[in-house]
Structure formats: C-alpha cells, structure tokens
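Each chain is listed here by its residues.
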Amino acid sequence: MLKKMPYPPRSYTGPRQIIGLRLPLDLAKEVKAEAVQRSISLKNLFGEMWLLYKKNMTIASSRSFDGPRQMVGFSLPRDLAVEIKEEAARRKIAVSKLFAELWPLYKNKGKKGA
C-alpha cells in the first residue's frame, strides 16, 4: 500500500498547472469521498494514482461516460501535469478518460499483488 504523503512534497515551489477533469457524477463523488475519508487533497490522491500507474503501467477497464458529469480540479507541478497530458495524448484519449482508467487501478491496489 502506498504511504500517505503529500504529492508533490509541500516544499515544492516550482511552477504549477491546474488540471480540470469533467468526470461522470458517480465517479466524481467516489473520488471526492476517498480523499475526504483519507484526509488528503485531490492532488495528492491523483499523485498517488499516477505513481501507481507508472509502477504498473496497466489499466483496468474504464467506465462508460454516459450521464451527468462534474468538474474536479486541482493544481499539480507543471512537469507532472505535462507528463500526464503527454500520456493521454500518446494514447489518444482525454485526460478525464485516463483518470477514469486510473481509478479502478487505484481502488484495486491492495488486491492481486498490486
């Protein structure tokens, strides 16, 4: 299991970039509830998800994007934001789709040796 720690460290003072995702309403609620339950920020939660993705480089099946959506936004270091956007572009998918694919990977991190 990943350690609870700020991502990036609080001492980070470099340039930042805001990431905004339009997620299905149920996924947005689930993500926010996870952050509240763990008492961490959305950016730290996404940082953990990204580290897990980079470690495994595998994606679980994603959800359908039918129905209402909600904006979820957070500020990330510019280098990390660029890396995430480049990965989405390389795979020819939206950043919100990449996030939706990362969520099952994150939720199953304690299962199947992840």
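Check the entry above for the structure.
Quick look at the structure, then.

Parameters at a glance
Residues numbered from 1 in each chain as written. Predicted model: local features only at pLDDT ≥ 70, side-chain atom pairs only at ≥ 80, totals over all residues. Heavy atoms only, no water. Salt bridge = Lys/Arg side-chain N within 4 Å of Asp/Glu carboxyl O. Helix = DSSP H or I, 4+ residues; strand = E, 2+ residues; numbered from the N terminus. Buried < 20%, exposed > 50% of the residue type's maximum accessible area, 1.4 Å probe, protein only. Axes fitted to C-alpha atoms, helices over the stretch in contact; angles between N-to-C directions. Parallel < 35°, antiparallel > 145°, perpendicular 65-115°, else oblique. Left-handed = near helix turned anticlockwise from the far one by under 90°. Contact = heavy atoms within 4.5 Å. Nonpolar A, V, L, I, M, F, W, Y, C, P; charged D, E, K, R; others polar.

**Topic: the pattern of salt bridges**
Enumeration over the complete set of coordinates arrives at four salt bridges. A salt bridge links Glu48 to Arg38, with the shortest nitrogen-to-oxygen separation between them at 2.7 Å. Taken together, the positions of Glu48 in helix H2 (residues 42–56) and Arg38 in helix H1 (residues 25–38) put the pair 10 residues apart, joining distant regions of the chain. Judged on exposure class, the residue Glu48 and its partner Arg38 are both buried. With a shortest N-O distance of 2.7 Å, Arg90 and Glu87 are connected by a salt bridge. Residue Arg90 and its partner Glu87 are both found in helix H3 (residues 78–90); the two are separated by three residues, about one turn of the helix.

**A short note on the packing of H1 against helix H4 (residues 95–107)**
At a minimum axis separation of 11 Å, H1 and H4 run at an interaxial angle of 45°. Relative to H4, the element H1 is oriented oblique. Crossing handedness for the pair H1 and H4: left-handed. Along the contact surface, H1 presents Leu27, Glu30, Val31, Glu34 and Arg38, while H4 presents Phe99, Ala100, Trp103, Tyr106 and Lys107. Of the residues belonging to the contact of H1 with H4, the class tally is six nonpolar, no polar and four charged.

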